[in-house]
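For reference, the chains in residue letters:
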Amino acid sequence: MRIGVDLGGTKIEVAALDRTGTAVARRRVLTPGRDYPATVAMIRDLVLAVEAELGRSCTVGVAMPGAISPATGLVKNANSTCLIGHRLDRDLAAALAREVRLANDADCFALSEAIDGAAAGARSVFGVILGTGVGGGIVVGGRLLAGVNAIAGEWGHNPLPWPDDSERPGPLCYCGKPGCIESFLSGPALAADHHRVTGLRQTAEVIAQAASAGDARAAASLARYADRLARGLATVINIIDPEIIVLGGGLSAIASLYRDVPALWGRYVFSDVVATRLVPPRHGDSSGVRGAAWLWPEPAA
Ligand SMILES: [Zn+2]
């Protein structure tokens with residue numbers, strides 16, 4: 001049996017999956033705020049509680065913000081900053097007395113959707129998180145592309161391609177550079193762009209609802225968003241040429257994107273026809289725990 005842990009900034013979710021991918025036990029708690037030792041202890045307690053409930057030991061995979069740096073062994077790039085600089089893999093292995101596999105949360109999302117989700121059976125998959133941040137993961141032949149720097153798929157910190165004058169230099173990103181894709185395509189970025197143009201302070205969710213109800217200003221903001229997403233994904237298609245792109249995160253709920261973005265990306269992709277499909281996720285919020293569990297092969301016992 002496999003246990004997957006989704007370590008998020010606000011919640012920790014744990015699920016045990018059987019061979020068929022059915023979740024047979026679950027736990028969900030709030031993440032201890034900015035407290036690294038308490039976070040490690042919480043994960044240990046949740047895993048042990050699930051194993052006690054099932055009466056067996058399991059493999060453990062963890063979806064985490066950021067990644068373990070192959071150069072230093074320390075967490076980097078995590079928006080849950082209390083993790084940065086810690087040896088999370090070693091500390092969890094010590095706490096649980098076994099090897100623990102960790103992967104970036106967007107990578108786990110991509111793996112989950114590629115194994116038995118919206119991209120099941122596809123040879124190449126790009127999984128995208130559009131939420132408070134923008135991330136991505138690449139799965140080829142059912143296997144996650146880890147990458148020598150542990151950053152494969154991190155398109156959110158590439159610059160927005162084909163910017164017009166109003167998009168240059170672009171908002172300053174927390175990574176220190178202006179004009180990152182994330183600073184245009186995250187949920188807060190959509191809200192900030194809408195505010196710059198309309199003066200209205202509305203969340204991405206409210207903007208999407210207003211647009212579908214016929215509000216012209218909200219529709220214009222979503223149209224700008226869709227064109228930027230099409231440009232950002234076009235550069236991904238030019239490099240990876242994936243069969244399927246799966247959207248995840250809060251903004252993946254905006255149904256119009258699946259119609260509008262493929263209608264736009266043909267202008268930017270270097271191909272006569274774009275056969276790549278853009279699809280909504282199947283597992284949604286569960287993809288963190290599911291992809292984390294799939295980091296291990298099925299144990300023999
Ligand atoms: Zn950035």
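About the cut-offs
- Residues numbered from 1 in each chain as written.
- Predicted model: local features only at pLDDT ≥ 70, side-chain atom pairs only at ≥ 80, totals over all residues.
- Heavy atoms only, no water.
- Pairing = 2+ DSSP bridges.
- Helix = DSSP H or I, 4+ residues; strand = E, 2+ residues; numbered from the N terminus.
- Donors = N, O, S within 2.8 Å, 3.2 Å for Na, K, Ca; no water.
- Tetrahedral: all angles 85-135°; square planar, octahedral: opposite > 155°, others 65-115°.
- Core = buried A, V, L, I, M, F, W, Y, C linked by side-chain atoms within 4.5 Å.
- Buried < 20%, exposed > 50% of the residue type's maximum accessible area, 1.4 Å probe, protein only.
- Contact = heavy atoms within 4.5 Å.
- Phe/Tyr/Trp six-rings, centres within 6.5 Å; stacked < 30°, edge-to-face > 60°.
- Axes fitted to C-alpha atoms, helices over the stretch in contact; angles between N-to-C directions.
- Expected span 1.5 Å × (residues − 1).
- Salt bridge = Lys/Arg side-chain N within 4 Å of Asp/Glu carboxyl O.

1. Details of the pairing of strand S3 (residues 23–30)
Within a regular strand, side chains alternate between the sheet's two faces. Across seven bridges, the pairing between strand S2 (residues 11–17) and S3 is antiparallel. Paired with Ile-12 across the two strands is Val-29, which belongs to S3. Between the antiparallel neighbours S2 and S3 lie five residues, among them Gly-21 with a positive phi of about 90°.

2. Remarks on the coordination of the zinc ion
Those protein atoms acting as donors to the zinc ion are His-157 (ND1), Cys-173 (SG), Cys-175 (SG) and Cys-180 (SG), and they sit at 2.1 to 2.4 Å. Because the angles between the four donor atoms bound to the zinc ion fall within 102 to 118°, the donor set is best described as tetrahedral. Spacing between the donor residues of the zinc ion along their common chain follows H-x15-C-x1-C-x4-C.

3. Here's the deal with the nonpolar core
Counting 39 residues, the largest nonpolar core has Leu-130, Trp-155, Leu-229 and Leu-233 as its most contacted members. Taken together, the elements giving at least two residues each to this core come down to strand S8 (124–130), strand S9 (134–140), helix H4 (182–185), helix H6 (204–212), helix H7 (216–240), strand S11 (244–248) and helix H8 (257–265). The contact partners of Leu-233, leaving out residues within four places of it in the chain, are Phe-126, Val-128, Trp-155, Ile-245, Val-261, Trp-265 and Leu-278. Val-5, Leu-7, Ala-16 and Met-64 belong to the second largest nonpolar core, which has 27 residues in total.

4. Here's the deal with the packing of aromatic side chains
A ring pair, where both rings are aromatic, is described by two values, the distance of the centres and the angle of the planes. Per the counting criterion, the structure on display carries two aromatic pairs. With 6.0 Å between their ring centres and 80° between their planes, Phe-126 and Trp-155 make a pair best called edge-to-face. Residue Phe-126 is found in strand S8, and its partner Trp-155 is found in the loop between strand S10 (143–144) and H4; the two are separated by 29 residues along the sequence. For Phe-126, a relative accessible area of 1% gives the class buried.

5. Focus on unusual backbone geometry
For the bond running from Arg-168 to Pro-169, omega is -5°, close enough to zero to count as cis. With respect to the helices, strands and loops of the structure, Pro-169 is situated in the loop between S10 and H4.

6. Things to note about the pairing of S2
Of all seven residues making up S2, seven are buried, and the element is well covered by its neighbours. The alternating pattern of S2 places Lys-11, Glu-13, Ala-15 and Leu-17 on one face and Ile-12, Val-14 and Ala-16 on the opposite face, and all of these are buried. For strand S1 (residues 2–7) and S2, the ladder comprises six bridges, and the chain directions are antiparallel. Pairing of Leu-7 across the sheet is with Ile-12, part of S2.

7. Topic: the sheet that holds S2
One open sheet holds the five strands; their spatial order is S3-S2-S1-S4-S7, and the pairing between them is mixed. Unpaired on one side and paired on the other, S3 and strand S7 (101–104) mark the two borders of the sheet. Shown here is a sheet whose adjacent strand axes are inclined to one another by a mean of 15°, direction ignored. Those strands touched by helix H3 (residues 105–116) are strand S4 (59–64) and S7, and its axis lies near 95° from that of S7.

8. Examining the sheet that holds S9
Pairing in this open sheet of five strands is mixed, and the strands run S10-S9-S8-S11-S12 from one edge to the other. Both edges of this open sheet fall to S10 and strand S12 (277–279), since each of them pairs with a single strand only. Bridge count for S8 against S9 is seven bridges, and the pairing is antiparallel. Opposite Val-125, over in S9, you have Val-139 as the bridge partner. Packed onto the sheet, H3 meets S8, S9, S10 and S11 and runs at close to 45° relative to S9.

9. Some words on H7
In this model, H7 (25 residues) spans 35 Å end to end at C-alpha, consistent with the 36 Å of a helix rising 1.5 Å per residue. Directly after H7, the chain includes Asp-241, whose backbone phi takes a positive value near 50°.

10. Focus on the pattern of salt bridges
In the structure shown here, the tally under the stated rule is 17 salt bridges. Between Glu-13 and Lys-11 there is a salt bridge; the shortest N-O distance is 3.5 Å. For the pair shown, Glu-13 and Lys-11 are each scored as buried. Of the charged contacts in the structure, one is a salt bridge between Glu-53 and Arg-27, with a shortest N-O distance of 2.8 Å. Taken together, the residues Glu-53 in helix H1 (residues 36–54) and Arg-27 in strand S3 connect sequence positions 26 residues apart. Linked through salt bridges whose partners overlap, the residues forming this network are Glu-167, Asp-193, Arg-196, Arg-224, Asp-227, Arg-228 and Arg-231.

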